[in-house]
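Survey of secondary and tertiary structure
Chain by chain, the residues run as shown.
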Amino acid sequence: GEDVEQSLFLSVREGDSSVINCTYTDSSSTYLYWYKQEPGAGLQLLTYIFSNMDMKQDQRLTVLLNKKDKHLSLRIADTQTGDSAIYFCAEKYNFNKFYFGSGTKLNVKP
Amino acid sequence: GAVVSQHPSRVICKSGTSVKIECRSLDFQATTMFWYRQFPKKSLMLMATSNEGSKATYEQGVEKDKFLINHASLTLSTLTVTSAHPEDSSFYICSARPGEGSPLHFGNGTRLTVT
């Protein structure tokens, strides 16, 4: 359950959609999360999905989960400059264990 | 709801001194809190799990005598970095959750600089 991988960088233009991808290794993960970190701040929970779900949408955010491939993605529609941050995916795979990916730095160009 | 408050946000101290960081759950009780360390441009590394009323559980490689954790109440956990050295300079973040099925909620982190 310790290998959570993300690409390091993503650059998009304002108004485009952003898709941030994450892969994990532990098939017994119960919940998977997306967090946003702005410079010098802690992590802000954006959304999460239970492992028996395939998709969850919350306003501009859409989470897709492919449990067979152990692949999680976060789509941000109509990306704004305020969305520029580091995005972490995380998995919870037993009672108290959460593992985080290395973070994807999203740069939104005006 | 589920607000976690962490203080101080930034601290500069001299080598050899100790620094205490507080983590509070403001609107919920937390029997368990988590302390993470984040290196520049790196992910979060879990240091220890703080358990209310009992000893903390430290991850492998984390010195428990160096990083003292106290979880004296259901809303407060403290991390004390003892005899700090420049290599302890880092961003420390705490987190907690209202219940087992809840996600982690994070404090805003503490930037520690040891000179």
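Given the structure is predicted, the values throughout are model-derived calculations rather than measurements.

What to know about the overall build of chain A
Assigned secondary structure in chain A consists of zero helices and eleven strands. Against the compact-globule benchmark of 13 Å for 110 residues, chain A has a radius of gyration of 13 Å, which places it among compact chains. Here the C-alpha coordinates of chain A stretch approximately 40 × 30 × 20 Å along the principal axes. Across the 110 residues in chain A, those meeting the buried criterion constitute 45%.

Topic: the pattern of salt bridges
Residues and elements named next belong to chain B. Within the structure shown, the criterion is met by five salt bridges over all chains. Asp88 serves as the salt-bridge partner of Lys66, at 2.6 Å between the closest nitrogen and oxygen. You can see Lys66 sitting in the loop between strand 6 (57-58) and strand 7 (67-73) and its partner Asp88 sitting in the loop between strand 8 (76-81) and strand 9 (90-96), a full 22 residues away along the chain. The pair Lys66 / Asp88 is uniform in exposure class, with both members buried.

Re the pairing of strand 11 (residues 110-114) of chain B
Residue and element names in this part refer to chain B. What you see with strand 11 is a clean split: Thr110, Leu112 and Val114 sit on the buried side and Arg111 and Thr113 on the side with no burial. Across four bridges, strand 2 (residues 10-13) lies against strand 11 in parallel orientation. The partner of Val11 across the bridge, within strand 11, is Leu112. The pairing of strand 9 with strand 11 spans three bridges and is antiparallel.

What about the side chain of Gln37 of chain A?
Along the chain, Gln37 of chain A falls in strand 4 (residues 31-37). A polar contact of 2.8 Å, which involves the side chain of Gln37 of chain A, links it to the backbone oxygen of Ala41 of chain A. In terms of polar contacts, Gln37 of chain A uses its side chain to reach the side chain of Gln38 of chain B, at 2.9 Å. Among residues more than four places away in sequence, those in contact with Gln37 of chain A are Gly42, Leu43, Ala85, Ile86 and Phe88 of chain A together with Gln38, Phe91 and Ile93 of chain B.

Remarks on the packing of aromatic side chains
Each aromatic ring pair is described using two quantities: the centre-to-centre distance and the angle formed by the ring planes. Going through the model one piece at a time under the given rule, you end up with 13 aromatic pairs over all chains. The interplanar angle of 25 degrees and the centroid separation of 6.2 Å between the aromatic rings of Tyr31 of chain A and Tyr33 of chain A together place this pair among those described as stacked. For the pair shown, Tyr31 of chain A and Tyr33 of chain A are each scored as buried. In textbook terms, an aromatic cluster arises when at least three aromatic residues are bridged by ring pairs, as seen for Tyr31, Tyr33, Tyr35, Tyr48, Phe50, Phe98 and Phe100 of chain A together with Phe34, Tyr36 and Phe106 of chain B. Over the ring of Tyr48 of chain A we find Lys56 of chain A, and its NZ or CZ is 4.5 Å from the ring centre.

Re unusual backbone geometry
For residues other than glycine, phi is negative in most cases, and the peptide bonds are mostly trans. The residue after His7 of chain B, namely Pro8 of chain B, is reached through a cis peptide bond having omega -5 degrees. With respect to the element layout, Pro8 of chain B can be found in the loop between strand 1 (4-7) and strand 2. Residues other than glycine seldom take positive phi values, yet Gln59 of chain A does so here, at roughly 55 degrees. The residue Gln59 of chain A is located in the loop between strand 6 (55-58) and strand 7 (61-66) in this model. Even without glycine at this site, Ser83 of chain B takes up a positive phi of about 45 degrees. Mapped onto the elements of the fold, Ser83 of chain B is located in the loop between strand 8 and strand 9.

Some details on the state of the cysteines
For the structure shown, the criterion picks out two disulfides over all chains. Between the sulfur atoms of Cys22 of chain A and its disulfide mate Cys89 of chain A the distance is 1.9 Å. The sign of the 65 degrees torsion about the S-S bond sets the Cys22 of chain A-Cys89 of chain A disulfide as right-handed. Separated by 67 residues along the polypeptide, Cys22 of chain A in strand 3 (residues 18-24) and Cys89 of chain A in strand 9 (residues 85-94) bring together distant segments of the chain. Each member of the pair Cys22 of chain A and Cys89 of chain A is classed as buried. What pairs with Cys23 of chain B in a disulfide is Cys94 of chain B, and their sulfur atoms sit 2.0 Å apart. On the S-S bond that ties Cys23 of chain B to Cys94 of chain B, the torsion sits near 85 degrees, and the link is right-handed. Residue Cys23 of chain B is found in strand 3 (residues 19-25), and its partner Cys94 of chain B is found in strand 9; the two are separated by 71 residues along the sequence.

Rules of the game
Residues numbered from 1 in each chain as written. Chains lettered and ligands numbered in written order. Predicted model: local features only at pLDDT ≥ 70, side-chain atom pairs only at ≥ 80, totals over all residues. Heavy atoms only, no water. Helix = DSSP H or I, 4+ residues; strand = E, 2+ residues; numbered from the N terminus. Rg over C-alpha atoms; globule rule 2.2 N^0.38 Å. Buried < 20%, exposed > 50% of the residue type's maximum accessible area, 1.4 Å probe, protein only. Salt bridge = Lys/Arg side-chain N within 4 Å of Asp/Glu carboxyl O. Pairing = 2+ DSSP bridges. Polar contact = N/O pair within 3.5 Å; in protein donor to acceptor, adjacent residues only side chain to side chain. Contact = heavy atoms within 4.5 Å. Phe/Tyr/Trp six-rings, centres within 6.5 Å; stacked < 30°, edge-to-face > 60°. Lys NZ or Arg CZ within 6 Å of the ring centre and 35° of its normal. Disulfide = S-S within 2.5 Å.

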